[in-house]
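What follows is the residue order along each chain.
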Amino acid sequence: MNEIHSMAGHLIRRLNQISMAVFSERMSEIGVELTPVQYAALSSIRDVPGIDQATLAGAIAYDKATIGGVVDRLTGKGLILRSQSSRDRRARALTITAEGEAVFQRVTPHVRALQNDILSGLDEDEKASFLRLLRKTTEAGNARSRAPLRRQDAGEAAG
């Protein structure tokens, strides 16, 4: 076996490929055009109505330079609205639409169910251990990321 096949970086990249494929396949099966990052953005916008794009990028650990495209696509699909922020005229406040809420409610059970497909081959104890270790290592390396996760309290964005 090639040494790379035992390296964390290679295995994480492969697991990401599997995760993306499983997500895409499931969304296709239910007839919804949504990517994992669009789902994450929709979820965060739903949780924090009025969140701005920069804060959204941090909330989902996504690059600030490319979050605009994600927001544009969600807006174009009618899933979110972008309006001028009441706190900062330069910022745009993001809110979920009724259609966005309906899509979110429709896909969330599928997103939850596909998590087991991503981790197929692991029993329940192994899944719990793997997720615990994955959280631990991603939290430890968060500051090294080009797009670090920035946790936010729900009341902070809605001003």
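One can find the structure itself at the top, above this paragraph.
Residues numbered from 1 in each chain as written. Predicted model: local features only at pLDDT ≥ 70, side-chain atom pairs only at ≥ 80, totals over all residues. Heavy atoms only, no water.

**Q** Even after reading the chapter, I still don't get the pattern of salt bridges, so can you show me in this structure?
**A** A side chain of one charge can pair with a side chain of the opposite charge when the charged atoms of the two come close. Counting across every chain of the model gives 7 salt bridges. Its salt-bridge partner being Arg26, residue Glu29 comes within 3.6 Å of it at the nearest N-O pair. Separated by 3 residues within a single helix, Glu29 and Arg26 lie in helix H1 (residues 8-29), roughly one turn from each other. For the salt bridge of Glu124 with Lys127, the shortest nitrogen-to-oxygen distance reads 3.4 Å. Pair noted here: Glu124 and Lys127 are both in helix H6 (residues 124-141), with a separation of 3 residues, about one helical turn. (Salt bridge = Lys/Arg side-chain N within 4 Å of Asp/Glu carboxyl O. Helix = DSSP H or I, 4+ residues; strand = E, 2+ residues; numbered from the N terminus.)

**Q** Quick question: what am I supposed to make of the packing of helix H2 (residues 36-47) against helix H4 (residues 64-76) here?
**A** Pairs of packed helices are described in terms of their axes, by the angle between the two and the distance that separates them. The contact between H2 and H4 brings their axes to 10 Å, and the two run at 80°. When the interaxial angle is binned, H2 and H4 end up roughly perpendicular. In this structure, H2 contributes Val37, Gln38, Ala41 and Leu42 to the contact, and H4 contributes Val70, Arg73 and Leu74. Considered class by class, the residues forming the contact of H2 with H4 number 5 nonpolar, 1 polar and 1 charged. (Axes fitted to C-alpha atoms, helices over the stretch in contact; angles between N-to-C directions. Parallel < 35°, antiparallel > 145°, perpendicular 65-115°, else oblique. Contact = heavy atoms within 4.5 Å. Nonpolar A, V, L, I, M, F, W, Y, C, P; charged D, E, K, R; others polar.)

**Q** Sorry, what's going on with helix H5 (residues 98-118) here?
**A** The end-to-end C-alpha distance of H5, which contains 21 residues, comes to 30 Å, matching closely the 30 Å that a straight helix rising 1.5 Å per residue would cover. A bend of about 35° at Val107 is the largest found in H5, and the proline Pro109 appears one to four places after it. If you follow the buried residues of H5, they end up packed against H1, H2 and strand S3 (92-96). (Expected span 1.5 Å × (residues − 1). Bend = angle between axes of the 7 residues up to and from the residue.)

**Q** Which parts of the structure should I look at to understand the nonpolar core?
**A** Nonpolar side chains in soluble globular proteins tend to be buried together. If you look at the biggest cluster of nonpolar residues, it comprises 29 residues, and the most contacted ones within it are Met27, Leu34, Leu56 and Val107. Secondary structure elements with two or more residues in this core: H1, H2, helix H3 (53-59), H4 and H5. With 6 residues, the single largest contributor to this core is H5. Setting aside residues up to four positions removed in sequence, Val107 forms contacts with Met27, Ile30, Val32, Leu34 and Tyr39. (Core = buried A, V, L, I, M, F, W, Y, C linked by side-chain atoms within 4.5 Å. Buried < 20%, exposed > 50% of the residue type's maximum accessible area, 1.4 Å probe, protein only.)

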